[in-house]
Amino acid sequence: MGNIFTAGLFQHMFRSATPVGLAAMGGLMTEHAGIMNIGMDGMILMGAFTSVAVSWLFGSAWLGLLAALLVGILVGMFFALFVVKFKSDEFIIGTALNILAGGLTVFLLRSIFEVKGSFRGTPEQPVVGLPKVDLGVLAKIPIIGPILDGSSVFLILTWGLVALMWFFVYRTPYGFWIRAAGERPATLRTAGISPEKMKWISSALSGAFCGVAGAQLALGDVTMFSEGMSNSRGYVAFACVIFGAANPGKVYLAALMFGFLMRWAIDSRNTPIQI
């Protein structure tokens, strides 16, 4: 067991959970608003491609992150256009969005960068990744040091975003209105607030978080884009939302459980059995 429960295991657990947790923070917004957002996988993929393209073009990971956030909002609004405005089935629209994102990113990768599979930039102009955590002498602290040192800054920022989302959902008027839009839309309309407006806002927020999750996935650790690199993380994020009852803290714990089990399975396969 000592060969399995290592600092490396927990390091990879947090790194794997970060993009899933970020996307799940957006997924819980649409869940509270009464929308089943299956399209998060496509939103993550679009954010990942945009962040890499802008980071490579302008040589700035922060610009890539901002672009991914804006594209995520646009995709979220596109999703809301069909689900909220046209009353389409959210499962079908979400599935179509995932298929569209998968095909579109492959097409753009091959037509713009003229490569297949993945894009890391060029030797003269590589893709710029997000900054890493540098603990300095604190890196020698057992467990905590190896987990945090050298990881993406979003590993730590995600903790703050989880707390911020809990405050927003349960302690602000907009959070209350979004929850009412999903639970008691008629009562919310009686109070003079449009449930449809809250659904639009929740979809935009969901897209924004998924776009940031895509940027973290592409620029946080690997600084590259590869075809289908979301690898069903949007579906896992949706499962975390359901498992955590759309509570930010519980949802992030579910994302950590996913990261732990995924890495534990990998390490277990690579650990020789001693008899």
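Bear in mind the structure is a predicted one, so any value in this text is a computation, not a measurement.

A few points about the overall build of the protein
Move 1: Regarding its fold elements, the protein presents eleven helices and two strands.
Move 2: A compact globule built from 275 residues would reach a C-alpha radius of gyration of about 19 Å, and the protein, at 19 Å, matches this within 12%.
Move 3: For the protein, the C-alpha atoms occupy an extent of roughly 65 × 45 × 40 Å along the three principal directions.
Move 4: Taking as baseline every contact in the protein between residues at least 6 positions apart, the subset at least 24 positions apart corresponds to 75%.
Move 5: Of the roughly 13100 Å² that the protein leaves accessible, carbon and sulfur atoms contribute 69%.
Move 6: Between the mean site of the 18 positive side-chain charges and the mean site of the 13 negative ones, the protein shows a separation of 6 Å.

Some remarks on the pattern of salt bridges
Move 1: Tallied over the entire structure, the rule returns two salt bridges.
Move 2: Note that Arg110 is salt-bridged to Glu227, the shortest N-O span being 3.2 Å. Here Glu227 lies in the loop between strand S2 (225–226) and helix H10 (233–243) and Arg110 lies in helix H4 (residues 90–112), a separation of 117 residues in the sequence.
Move 3: Looking at Glu227, the relative accessible area reads 28%, which means it is partly exposed.

Here we look at unusual backbone geometry
Move 1: With a phi angle near 45°, Thr223 is a residue other than glycine that sits in the positive phi range.
Move 2: On the secondary structure map, Thr223 appears in the loop between helix H9 (195–219) and S2.
Move 3: On the basis of relative accessibility, which here comes to 25%, the residue Thr223 falls in the partly exposed class.

Observations concerning the nonpolar core
Where a protein is soluble and globular, its nonpolar side chains tend to be buried together.
Move 1: Met25, Leu28 and Phe225 are the most contacted members of the largest nonpolar core, which has 76 residues in total.
Move 2: Sort the elements by how many residues they give to this core and helix H1 (residues 7–32) lands first, with eleven residues.
Move 3: When near neighbours in sequence (up to four residues on either side) are disregarded, Met25 contacts Val162, Met165, Phe209, Pro248, Val251 and Tyr252.

Thoughts on the environment of Leu69
Move 1: Secondary-structure assignment places Leu69 in helix H3 (residues 61–85).
Move 2: Not counting chain neighbours up to four residues away, the residues in contact with Leu69 comprise Ala208 and Val212.

Observations concerning the layout of surface pockets
Move 1: Looking at the largest pocket, its volume works out to about 280 Å³.
Move 2: Lining the largest pocket are His12, Arg15, Ser16, Pro19, Gln216, Leu217, Asp221, Val222, Met229, Arg233 and Met262.
Move 3: Residue assignment for the lining of the largest pocket shows that the elements contributing at least two residues are H1 and H9.

A short note on helix H6 (residues 153–171)
Move 1: For H6, spanning 19 residues, the distance from its first C-alpha to its last is 27 Å, which sits close to the expected 27 Å at 1.5 Å a residue.
Move 2: Listing the buried residues of H6 in full gives Val153, Phe154, Leu155, Thr158, Val162, Met165 and Val169.

Observations concerning a nonpolar patch on the surface
Move 1: A cluster of nonpolar side chains, contributed by Leu57, Phe58, Leu63, Leu66 and Leu70, occupies part of the molecular surface with about 500 Å² of accessible area.
Move 2: The leading source of residues in the nonpolar patch is H3, at three residues.
Move 3: By secondary structure assignment, the location of Leu66 is in helix H3.
Move 4: Judged by its relative accessible area of 45%, Leu66 is partly exposed.

Re the packing of aromatic side chains
Move 1: In this structure the tally under the stated criterion is ten aromatic pairs.
Move 2: On the numbers, 5.8 Å between centres and 70° between planes, the contact of Phe82 with Phe86 is edge-to-face.
Move 3: Judged by its relative accessible area of 26%, Phe82 falls in the partly exposed class.
Move 4: Through a chain of ring-to-ring contacts, the aromatic side chains of Phe49, Trp56, Phe113, Phe119 and Phe225 assemble into a single cluster.

Remarks on the confidence of the model for the protein
A low pLDDT means the predicted coordinates there should not be read in detail.
Move 1: Looking at the protein as a whole, its pLDDT mean stands at 89, while 92% of the residues score no less than 70.
Move 2: Highest mean pLDDT in the protein belongs to H3 (97); lowest belongs to helix H5 (residues 144–148) (74).

Structural notes on the packing of H3 against H9
Move 1: One can describe the packing of H3 onto H9 by two numbers: an axis separation of 6 Å at closest approach and a directional angle of 145°. Once H3 is placed against H9, the crossing between them reads as right-handed.
Move 2: The residue inventory of the contact of H3 with H9, partitioned by class, reads 16 nonpolar, five polar and three charged.

Observations regarding the state of the cysteines
Move 1: Evaluation of the coordinates by the stated rule reveals zero disulfides.
Move 2: The thiol sulfur of Cys210 is not disulfide-bonded, and the nearest other cysteine sulfur, from Cys240, lies at 12 Å.
Move 3: Judged by relative accessible area, Cys210 falls into the buried class, the value being 0%.
Move 4: With a relative accessible area of 4%, Cys240 lands in the buried category.

What counts as what
- Along each chain, the written sequence defines residue order, and numbers are assigned to residues from 1.
- Two thresholds apply to this predicted model, a pLDDT of at least 70 for residue-level local features and 80 or more for giving and counting side-chain atom pairs, whereas whole-chain, interface and lining totals are computed over all residues.
- Just so you know, side-chain values use all the structure's heavy atoms and leave hydrogens and water out.
- Only DSSP runs of H or I reaching four residues or more are called helices, and only runs of E reaching two or more are called strands; each is numbered from the N terminus.
- Computation of the radius of gyration draws on C-alpha atoms alone. For the globule rule, the value is 2.2 Å times the number of residues to the power 0.38.
- Only heavy atoms matter for contacts: two residues are in contact if any of them lie within 4.5 Å across the pair.
- Only the protein chains shown count as cover for residues, and all accessible areas are computed by the Shrake-Rupley method using a 1.4 Å probe.
- Here the positive residues are Lys and Arg and the negative ones are Asp and Glu; neither His nor the chain ends is included.
- Charge positions are represented by NZ for Lys, CZ for Arg, CG for Asp and CD for Glu.
- Within this document, salt bridges are pairs made up of a side-chain nitrogen of Lys or Arg and a carboxyl oxygen of Asp or Glu, the two lying within 4 Å of each other.
- For each residue, the accessible area found with a 1.4 Å probe, counting protein chains only, is set against the maximum for its type, and the residue is called buried under 20%, exposed over 50%, and partly exposed in between.
- Residues belong to one nonpolar core when they are buried, are Ala, Val, Leu, Ile, Met, Phe, Trp, Tyr or Cys, and are joined through side-chain atoms within 4.5 Å.
- Think of a 1 Å grid over the protein atoms and nothing else: a 1.4 Å probe that fits but is trapped marks a cavity, an open set flanked by protein within 12 Å on at least five of seven lines marks a pocket, and residues with an atom within 4 Å of a point count as lining.
- Grid points are joined across faces, edges and corners, and a volume is the space filled by probe spheres set on the points.
- The span you would expect from a helix comes to 1.5 Å times its residue count less one.
- The patch calculation keeps residues exceeding 30% relative accessible area without a salt bridge and links them within 9 Å when they carry like charges or within 5 Å when they are nonpolar (Val, Leu, Ile, Met, Phe, Trp, Tyr).
- Between 30 and 60 degrees the pair is tilted, below 30 it is stacked and above 60 it is edge-to-face, where a pair is any two Phe, Tyr or Trp rings, Trp via its six-membered ring, whose centres lie within 6.5 Å.
- Scored from 0 to 100, pLDDT records how confident the predictor is in each individual residue.
- Note on geometry: axes are lines fitted to C-alpha atoms, helical ones only across the stretch in contact, with angles between N-to-C directions running from 0 to 180 degrees.
- By convention, the crossing between two helices is left-handed when the near helix turns anticlockwise from the far helix through less than a right angle, and right-handed when the turn is clockwise.
- Side-chain classes follow a simple rule in which Ala, Val, Leu, Ile, Met, Phe, Trp, Tyr, Cys and Pro form the nonpolar group, Asp, Glu, Lys and Arg form the charged group, and the remainder, Gly included, forms the polar group.
- Note on terminology: disulfide denotes any pair of cysteine sulfur atoms within 2.5 Å.

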